[in-house]
Amino acid sequence: MGTSDYTAMWKKLSLDIPAHTGLLEVLGKFYNDIYLSQEGRLKGMEYLDFVLSEVHGLRIKELQDAKADGKKIVGTFCVFVPEELTLAADAIQVGLCSGADAGTEAAEKIIPRNTCALIKSFVGFKLARICPYTESCDLVVGETTCDGKKKAYETFAEHVPMYVMEVPQQKNACDRDLWKAEILRFKTKLGTLTGNEITADRLKKSIKTVNDRRRALQRLNRLRAAVPVPISGRDVLLVNQISFYDDPIRFTKSINQLCDEIENRIQKKQGIVKNDVPRLLLSGCPMAVPNWKLPFVIEGSNAVVVGEESCIGTRNTRDLVDESPDTLDGMIDAICDRYLKIDCACFTPNTERMENITAMAKELNVDGVIHYSLMFCQPYANEALKIEKILKKNEIPMLSIETDYSMDDLEQLKTRVGAFVEMIGSR
Ligand code: BJ8
């Protein structure tokens, strides 16, 4: 982690300094072991290393400086919250990471133990006072996706300024009407929060900003599929994770530079692993910072991840907002339609996801799929069974993993993943 002293800022944010220091120490060690120990990393990853090293330092200072200038900070947990609107209201949107089990004990006092690790993490981070992002938020936006989240938000609202968007669970015309009304309600809420009116000009600009970031990530996803594989799955996951925190314009520029470097590498036919190393698609629940356990296990088992079918992956970058409308209402419709394409397991039915995974597995020419569900996540655990069946029909092997954020099952995961990689390697 960074070397500057931000203690005064963290104290001002009411963080529990000893607990927060402990968290940063663990995070730093993790990062060294999982990221910095990799060989043949791209020079462009130094930017991501820097951002991560300053994730609780410089970036928080930027947010505090923006607040001092009158800007508002909006925290989110789900890719359904349209950042285009937040930016158009001249506010800053950040993802609240929820990828570590620090604070679980405190969380289990107010939400059931058999809740997924992601939910326990955001509740725990707040109760243990270890997340400077949560403490910086002027508004925390939740959404009615899974039951675990929507019930936890009721409790969470006692601790943070909370607002909940209603996300439909189906995609019929009446569901679209509901979703459009919710987008308009969010627009009004942002207007009240910031005092800024969302105009057509502002929205047009912010749609382009967010689309540009998606385009850069799409480019990265196309390039990483090359043979030999030019970048590790761990590094691409990190890029996706940081996309939720960093300034979008600065981030897009850095990722495009990283892509230039990858193109160069591809031209020289340089890869990070040999051509015969099994290529895997990782699919399922989102992996928030610092949830790097499974990719680390996979890539430590002589396999390489070439795609993430997840919200911290292609589910968040696949679709762009149509940039052609010029009226405010036309843009709102475009946002509404783009977000309704998200194939979250909370929808029923959710056939698009089955089609998207199969198409991705074929396009990326993978040797297998690892499906990852967080323990107690009903939507993704249910879909894992369906996906396995469909992939089997397409002769694509799949391994289903259910885990959480603890390291208790590390050895068991290594054994299971190792056996799967060996099996697909010998096909
Ligand atoms: S659009 S995937 S970011 S809801 S893992 S909390 S589903 S019990 S995270 Fe998600 Fe939005 Fe969907 Fe994406 Fe519930 Fe499952 Fe926990 Fe989950």
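No experiment lies behind these values; they were computed from the predicted model shown.

Visitor: Hey, could you go over helix α4 (residues 58-68) for me, with residue numbers and the actual values?
Guide: Buried within α4 we find R59, I60, L63 and A66. Considered in projection along α4, the buried side chains sweep an arc of 120° and stay on one side of the axis. Buried residues along α4 sit against α1 (7-12), β1 (73-76), β2 (92-95), α8 (132-136) and α13 (248-267). Within two residues after α4, G70 carries a phi angle of roughly 95°, on the positive side.

Visitor: Outline empty space enclosed by the protein, supporting the account with residue identities and numerical values.
Guide: The full count for this structure, using the stated rule, is three cavities of 30 Å³ or more. Reported here for the largest cavity is a volume of approximately 110 Å³. As for the largest cavity, its lining consists of L23, L27, V55, H56, C97, A100, F125, Y133, Y245, V289 and P290. For the lining of the largest cavity, the per-class residue count stands at ten nonpolar, one polar and no charged. Taken as a whole, the second largest cavity spans an internal volume of roughly 50 Å³.

Visitor: Account for the packing of helix α11 (residues 200-224) against α13, with residues named and values stated.
Guide: Remark: α11 packs on α13, axes separated minimally by 9 Å, with the N-to-C direction vectors making an angle of 20°. Our classification of the angle between α11 and α13 gives roughly parallel. The chirality of how α11 crosses α13 is left-handed. From α11, T209, D212, R213, A216, L217, R219, L220 and L223 reach across to α13, where they touch P248, I249, F251, T252, I255, N256, L258, C259, D260, I262, E263 and I266.

Visitor: Requested: an account of the site of the ligand, with residues and values cited.
Guide: Around the ligand, the structure places 17 residues, and the nearest of them are C116, C146, C311, C344 and C377. Along the lines of polarity and charge, the residues of the shell around the ligand split into 14 nonpolar, one polar and two charged.

Visitor: So, the packing of aromatic side chains: which residues are in play, and what are the values?
Guide: Inspection of every chain in the model, using the stated rule, returns 14 aromatic pairs. Ring geometry for Y31 against Y35: centres 4.9 Å apart, planes inclined by 20°, an arrangement best described as stacked. Highlighted residues: Y31 and Y35, both in helix α2 (residues 17-36), separated by four residues, approximately one helical turn. Like Y31, the residue Y35 is buried in the burial classification. Across the ring face of F347, the terminal group of K171 is positioned such that the distance to the ring centre comes to 4.3 Å. Lying across the ring of Y339, R338 places its NZ or CZ 4.6 Å from the centre.

Calculation criteria
- Residues numbered from 1 in each chain as written.
- Predicted model: local features only at pLDDT ≥ 70, side-chain atom pairs only at ≥ 80, totals over all residues.
- Heavy atoms only, no water.
- Buried < 20%, exposed > 50% of the residue type's maximum accessible area, 1.4 Å probe, protein only.
- Helix = DSSP H or I, 4+ residues; strand = E, 2+ residues; numbered from the N terminus.
- Arc of directions from axis to C-beta.
- Contact = heavy atoms within 4.5 Å.
- 1 Å grid on protein atoms, 1.4 Å probe; cavity = no way out; pocket = protein on both sides within 12 Å on 5 of 7 lines; lining within 4 Å.
- Points joined across faces, edges and corners; volume = space filled by probe spheres on them.
- Nonpolar A, V, L, I, M, F, W, Y, C, P; charged D, E, K, R; others polar.
- Axes fitted to C-alpha atoms, helices over the stretch in contact; angles between N-to-C directions.
- Parallel < 35°, antiparallel > 145°, perpendicular 65-115°, else oblique.
- Left-handed = near helix turned anticlockwise from the far one by under 90°.
- Near = heavy atom within 4 Å.
- Phe/Tyr/Trp six-rings, centres within 6.5 Å; stacked < 30°, edge-to-face > 60°.
- Lys NZ or Arg CZ within 6 Å of the ring centre and 35° of its normal.

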